[in-house]
Amino acid sequence: MTPPIPRDIPLPLPAPEGFLEILLIVSFLIHILFVHLMVGGSLFSLVCQIRGLKSPDYEKLAYRIMQTVTVNKSLAVVMGVAPLLVINTLYAPQFYASSALIGDMWMAVIPLVTVAFLLAYAHKFWWNHFINIPELHIGIAALETGLFLFIPLIFMTNVNLMLFPEYWPQVKGFFSAMLLPNVLQRYLHFISATILFSSLFFVWWSGRKSFQNEVGFSRLRVISVRRFFYAFAFGATVFQILTGLVVFASLPPQGMSWGFTLLLMLGGLLVLPAMWWMWQNLTHPGHLLDDRLKEITACFVCAAIIMGIARHDYRENALADHKSAIAEKTANYQAAVKDAREQAQLTAKTQESQTLVPGESAFNLNCAACHHPTLTTVGPALQEIKEIYANNPAGITAWTKAPGKKRPDTMKMPGFSQLSDDELTAISQYLLSH
Ligand code: HEC
């Protein structure tokens, strides 16, 4: 199906395009990091709380984790403003189109986020109120986590739909856009990144010196908590690679390029040493004392930056044709508007020269204000003038060039020395013949 090509409003960008692209990549990565920590934190708090039903130390852990979630969620929201604005600026026709196509759900993001945040606060602040009704507490946590997991799917559906205008005609609302061939695997790839980055964050967080005092475990050892998170990080990395391969295989070919493929391979290679170190930590618990967390994190951060650049590269490639088609349509439209305007001016001019007899417009402009056809106003009526000057246009011309003072009850008529003889003759003839 041929994609619809909207016409753009050719406004200048507020900053150089390259700068906006870098801003988009960087601000998006920062935003998504906090989204990972927020969604992952909520998920881990839920998991630990469920586990806490049997071993109470995990319930304490769940509570501490929940305290990070509310902070990270505020950062995720604030950091989300910049990439959203930049994407609206750089890809206005595509992003507006895809947002409108999933409009109901896109709008629902606001109430859903609000409810998720309120649930998160209820979950955290009323922790002790729920001590005797853990099912309800866990139910709230599950609902909160469910919303936190669902909201990114809306964003993903939108930014995916935006890339493929050829799907626009067939999309009927959010769910049909969500079921397009490559959304769900992208989403799973995203969720595994969520688990990976939040696990690493909690490895670091539980390794801080003050952690033991903050959490007050009775039996659980910090080292077991860190292994717990490392196990998730390792598993998520494996899942990340697998879903990544599926995403790559299912991406529509129009965005593919060698640059994109090489970037993905480079990002993938960077993950290997991190996996090796994590594996060492898991299989030799003694390693956790010197667990190379910095190196592991550096590998994943570099990989994420490279993936972010690759993602942008794919988007630009995928949209290149559509963008130039829009630019062409916009240019054609502007040329047509210019043509139409010139044409209209031309027709107006010829109509005027056809319908107005010589002298009419000059009479209207210079004389009509004071001379009414039948009534005496400032000056005498044309009827009267016609009687005086019947068959004598030259007399009118002579008077008009240098009016005398005739009628006692009127002002003196101003002279019209600025009009040429030809113009005055035309006026006089028109005056006498109408
Ligand atoms: C500001 C008002 C005003 C405008 C504009 C004006 N006139 Fe007059 N016109 C008068 C007045 C007032 C008289 C009467 C003057 C008098 O009798 O002393 C008059 C008188 C005349 C007369 C009669 C002269 C006569 O012999 O009785 C003619 C002819 C005339 N105007 C032609 C024109 C023409 C042609 C124009 C436009 C080029 C024009 N006027 C524009 C105010 C105006």
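Conventions and cut-offs
Residues numbered from 1 in each chain as written. Predicted model: local features only at pLDDT ≥ 70, side-chain atom pairs only at ≥ 80, totals over all residues. Heavy atoms only, no water. Salt bridge = Lys/Arg side-chain N within 4 Å of Asp/Glu carboxyl O. Helix = DSSP H or I, 4+ residues; strand = E, 2+ residues; numbered from the N terminus. Buried < 20%, exposed > 50% of the residue type's maximum accessible area, 1.4 Å probe, protein only. 1 Å grid on protein atoms, 1.4 Å probe; cavity = no way out; pocket = protein on both sides within 12 Å on 5 of 7 lines; lining within 4 Å. Points joined across faces, edges and corners; volume = space filled by probe spheres on them. Donors = N, O, S within 2.8 Å, 3.2 Å for Na, K, Ca; no water. Near = heavy atom within 4 Å. Polar contact = N/O pair within 3.5 Å; in protein donor to acceptor, adjacent residues only side chain to side chain. Nonpolar A, V, L, I, M, F, W, Y, C, P; charged D, E, K, R; others polar. Domains from an automatic or database assignment. Core = buried A, V, L, I, M, F, W, Y, C linked by side-chain atoms within 4.5 Å. Contact = heavy atoms within 4.5 Å.

What is the right way to look at the pattern of salt bridges in this model?
When the charged atoms of two side chains lie near each other, side chains of opposite charge can form a pair. Applying the stated criterion across every chain, the model contains ten salt bridges. The shortest N-O distance in the salt bridge between Asp57 and Lys60 comes to 3.8 Å. Here Asp57 and its partner Lys60 are both found in helix H2 (residues 56–90), three residues apart, which amounts to about one turn of the helix. Residue class for Asp57 comes out buried when judged on its relative accessible area of 6%. Given a relative accessible area of 30%, Lys60 falls into the partly exposed group.

Sorry, what's going on with empty space enclosed by the protein here?
To find leftover empty space, a probe the size of one water molecule is rolled over the atoms. In the structure shown here, the tally under the stated rule is one cavity of 30 Å³ or more. Estimated volume of the largest cavity: approximately 50 Å³. As for the largest cavity, its lining consists of Leu24, Ile25, Phe28, Leu29, Gly308, Arg311, His312 and Arg315. Only helix H1 (17–52) and helix H11 (293–355) provide two or more residues apiece to the lining of the largest cavity.

Could you clarify how one ought to interpret the coordination of the iron atom of the ligand in this entry?
For a metal with four tetrahedral donors the ideal donor-metal-donor angle is 109.5 degrees, whereas six octahedral donors ideally subtend 90 or 180 degrees. Every protein donor of the iron atom of the ligand is listed here as His371 (NE2) and Met413 (SD), and their distances to the metal cover 2.1 Å. Given the relative accessible area of 12%, His371 is considered buried.

I'm lost on the site of the ligand in this one. Help?
Within the structure, the ligand sits among 20 residues, and Cys367, Cys370, His371, Tyr389 and Met413 are positioned closest to it. At 2.7 Å, a side-chain N or O of His371 approaches a nitrogen atom of the ligand. Within the side chain of Lys406, an N or O atom sits 2.6 Å from an oxygen atom of the ligand. At the level of elements, helix H13 (382–388) and helix H14 (393–401) are the ones that each hand at least two residues to the shell around the ligand. Counted by class, the shell around the ligand contains twelve nonpolar, five polar and three charged residues.

What is the right way to look at the domain arrangement of the protein in this model?
Many authors give the size of an interface as the accessible area that is lost as the parts come together. According to the domain assignment, the protein consists of domain 1 (17–336) and domain 2 (360–433). For domain 1 versus domain 2, the distance between C-alpha centres works out to 84 Å.

Please explain the environment of Asn392 as it appears in this structure.
Residue placement: Asn392 occurs in the loop between H13 and H14. Sequence separation between Asn392 and Gln429 is 37 residues, and the spatial gap between their C-alpha atoms is 8.8 Å.

When you look at the nonpolar core in this model, what are you seeing that I'm missing?
A general tendency of soluble globular proteins is for nonpolar side chains to be buried together. Formed by 97 residues in total, the largest nonpolar core has its most connected members in Leu61, Leu200, Tyr230 and Phe300. For Leu200, the residues in contact, after removing those within four places along its chain, are Tyr230, Ala233, Met278, Leu293, Ile296 and Phe300. By size, the runner-up hydrophobic cluster in this structure holds 13 residues, among which are Phe363, Cys367, Ile427 and Tyr430.

For this particular structure, what's the right way to read the side chain of His371?
Within the fold, His371 resides in the loop between helix H12 (360–366) and H13. Separated by 2.8 Å, the side chain of His371 and the backbone oxygen of Pro380 make a polar contact. Excluding anything up to four places from it in sequence, His371 contacts Phe363, Thr377, Gly379, Pro380, Leu382, Ile385 and Met413.

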